[in-house]
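This is what each chain is made of:
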Amino acid sequence: MRGGKYRLIGRRADRPQSLLFRDEQGRHFLRSTCGARLVRLTARDAQRILRQYPYTSVLDAAWRDYQEALGYECPIQLPDELEILPADGN
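As the structure is a prediction and not an experimental result, all values here were calculated from the model.

J.: Help me out: how do you make sense of the sheet that holds strand β1 (residues 6–12) in this one?
T.: Adjacent strands of a sheet form backbone hydrogen bonds with each other and so pair up, either parallel or antiparallel. Overall, antiparallel pairing links the five strands, which are arranged β4-β3-β2-β1-β5 in an open sheet. Of all the strands in the sheet, just β4 (39–41) and β5 (55–57) have a single pairing partner and so form its edges. For this sheet, the mean angle separating the axes of adjacent strands, direction not counted, is 35°. Bridging between strand β3 (residues 28–31) and β4 involves three bridges; their strand directions are antiparallel. The residue of β4 that forms the bridge with His28 is Leu41. Lying on the sheet, helix α1 (residues 43–52) is in contact with β2 (19–23), β3, β4 and β5; it crosses β4 at an angle near 95°.

Here it is, written out as structure tokens:
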């Protein structure tokens, strides 16, 4: 599962971090939130999820590796102790 490529095919409207992917072999995977691992679904379960929840179909031509799929469109987490410098560099 971790060696393949994944294409985004659906995004949940009320939870935008919940994404549905399809791999090169046509298998379906759900990412429930940012950083969560991809969970394999049957094609029938994927179709039920698309009908039951407010998912929007996505026409995405890009293939992503496993790590990119885990972090796709997730906000960047900055450490609390990170010091922000002013724009002028002083």
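J.: What is the right way to read the pattern of salt bridges from this model?
T.: One side chain can pair with another of opposite charge once the charged atoms of both are near each other. Applying the stated criterion across every chain, the model contains four salt bridges. In this structure, Arg11 and Glu73 form a salt bridge, with 2.7 Å as the shortest nitrogen-oxygen distance. On the criterion of sequence distance, the pair formed by Arg11 in strand β1 and Glu73 in the segment after α2 (66–71) is long-range, its members being 62 residues apart. On the basis of relative accessible area, Glu73 is assigned to the partly exposed category, the value being 43%. Among the ionic pairs, Arg27 bridges to Asp23, the shortest N-O distance being 2.7 Å.

J.: Sorry if this is basic, but what is going on with the side chain of Asp23 here?
T.: Note on placement: Asp23 falls in strand β2. Polar contacts involving the side chain of Asp23 include one to the main-chain amide nitrogen of Gln25, which spans 3.1 Å. One polar contact links Asp23 to Arg27, side chain to side chain, over a distance of 2.7 Å. Sequence-distant contacts of Asp23, that is, excluding residues within four places in its chain, are made with Lys5, Tyr6, Phe29 and Trp63.

J.: For this particular structure, what's the right way to read the nonpolar core?
T.: In summary, soluble globular proteins display a tendency toward joint burial of nonpolar side chains. If you look at the biggest cluster of nonpolar residues, it comprises 10 residues: Tyr6, Leu8, Leu19, Phe21, Phe29, Leu38, Tyr66, Ala69, Leu70 and Tyr72. Breaking this core down by element, the ones donating at least two residues are β1, β2 and α2. In terms of residue count, the dominant contributor to this core is α2 (three residues). Excluding anything up to four places from it in sequence, Leu19 contacts Leu8, Gly10, Arg11, Phe29, Leu30, Arg31 and Tyr72. Grouped together as the second largest cluster of nonpolar side chains are seven residues, Ile9, Leu30, Ala46 and Tyr55 included.

Basis of the calculations
- Here, residues in each chain are numbered from 1, in the same order as that chain's written sequence.
- Reporting of local features is limited, given that this is a predicted model, to residues whose pLDDT is at least 70; pairs of side-chain atoms are given and counted only at 80 or more, and all residues count toward the totals for whole chains, interfaces and linings.
- As a rule here, side-chain values come from all non-hydrogen atoms in the structure, and water together with hydrogens is ignored.
- The pairing criterion is simple: DSSP has to find at least two bridges between the two strands.
- Helical segments are the DSSP runs of H or I of at least four residues, strand segments are the runs of E of at least two, and each set is numbered from the N terminus.
- In this analysis an axis means a line fitted to C-alpha atoms, helices contributing only their contacting stretch, and an angle means the value between N-to-C directions, from 0 to 180 degrees.
- Contacts: residue pairs with any heavy atoms within 4.5 Å of one another.
- One side-chain nitrogen of Lys or Arg within 4 Å of one carboxyl oxygen of Asp or Glu is enough to make a salt bridge.
- Only protein chains enter the accessibility calculation, which uses a 1.4 Å probe. A residue is then buried if its area is under 20% of the maximum for its type, exposed if over 50%, and partly exposed in between.
- In protein, a polar contact requires one atom able to donate a hydrogen and another able to accept it; more generally it is a pair of N or O atoms within 3.5 Å, and residues adjacent in sequence count only if both atoms are side-chain atoms.
- What makes a nonpolar core is a set of buried Ala, Val, Leu, Ile, Met, Phe, Trp, Tyr and Cys residues whose side-chain atoms join them at distances within 4.5 Å.

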